[in-house]
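Residue strings, one per chain:
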Amino acid sequence: MKVGLGTGRAASVFVRALAARVRQRRLSITCVATSDATQSLAAGLGLVVRSLADAGELDLTIDGADEVDPRLDLIKGLGGALVREKIVAASSKRLVILVGADKLVDRLGVRTPLPVEIVPFGQPLCERRLVERGATPKLRAGASGPFVSDNGNFILDCGFGGIDDPAALDRRIKEIPGVVDTGLFVGMVERVLVQDGAEVKVLRAA
């Protein structure tokens, strides 16, 4: 199989489990990572990691999420890899999300800001236009200045106080010149595996 590897805590746990399974059963797995950190982890554990260009269409991507609503739409990107995560997800036949029960919400954006990746040059314009769309944008900070994604871009964490129509908001934000993508993953998920204590519940897209 060709498997996309997400970024973040849940994805890291999956990468370690996958590497152990590959070693035990000598499976033939080719991986595509969604971040430099995941690529380093996967390669260090002995997994075969290729570029998306070399791998082509993927069979499956496993990733985490910051919020999951009842329609299985997501907010992702608090780990800073939202653009590559969305590209890899869109390149996959199936997207499966791993979360704890605390990530389930009735409405996206109530608890978690929406990450929006932007070209640094466009920051002033992007901030103004996001405010016009009802957001309170805040430039994500790094260790010594703005946080910089693996793509060399900035991230604006945008408070909305709740998102009624994720698909429409995603389209409106991506109309802003300088916006690369948003952390809204709409209609992309096949199923979500939810850990609640010792139990795992499977939620499937309608």
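In this report, the structure presented in the accompanying data block is examined. (Residues numbered from 1 in each chain as written. Predicted model: local features only at pLDDT ≥ 70, side-chain atom pairs only at ≥ 80, totals over all residues. Heavy atoms only, no water.)

1. Describing the packing of helix H1 (residues 9–25) against helix H2 (residues 36–44)
Step number 1: Running from N to C, H1 and H2 point in directions that differ by 20 degrees, and their axes come no closer than 10 Å. On the basis of their axis angle, the class for H1 and H2 is roughly parallel. In the packing of H1 onto H2, the handedness of the crossing is right-handed. Across from Ser12, Val15 and Arg16 in H1, the residues of H2 making contact are Thr38, Leu41 and Ala42.
Step number 2: Here the contact of H1 with H2 is built from residues that sort into three nonpolar, two polar and one charged. (Axes fitted to C-alpha atoms, helices over the stretch in contact; angles between N-to-C directions. Helix = DSSP H or I, 4+ residues; strand = E, 2+ residues; numbered from the N terminus. Parallel < 35°, antiparallel > 145°, perpendicular 65-115°, else oblique. Left-handed = near helix turned anticlockwise from the far one by under 90°. Contact = heavy atoms within 4.5 Å. Nonpolar A, V, L, I, M, F, W, Y, C, P; charged D, E, K, R; others polar.)

2. Digging into a nonpolar patch on the surface
Step number 1: Where nonpolar side chains cluster on the molecular surface, the patch consists of Val119, Phe121 and Val180 and spans about 320 Å² of accessible area.
Step number 2: Relative to the helices and strands, Val180 is located in strand E13 (residues 179–182). (Patch = residues over 30% accessible without salt bridge, like charges linked within 9 Å, V, L, I, M, F, W, Y side chains within 5 Å. Areas by Shrake-Rupley, 256 points an atom, 1.4 Å probe, with all protein chains shown as cover. Salt bridge = Lys/Arg side-chain N within 4 Å of Asp/Glu carboxyl O.)

3. Comments concerning the sheet that holds strand E6 (residues 74–75)
Step number 1: Reading across the sheet, the three strands line up as E5-E6-E14 and stay open at both edges, with antiparallel pairing between neighbours. Whereas interior strands pair on both sides, the edge strands pair on one side only; in this sheet they are strand E5 (67–68) and strand E14 (184–185).
Step number 2: Of the strand pairs in this sheet, E5 and E6 are connected by two bridges, and their pairing is antiparallel. Paired with Val68 across the strands is Leu74, a residue of E6. (Pairing = 2+ DSSP bridges.)

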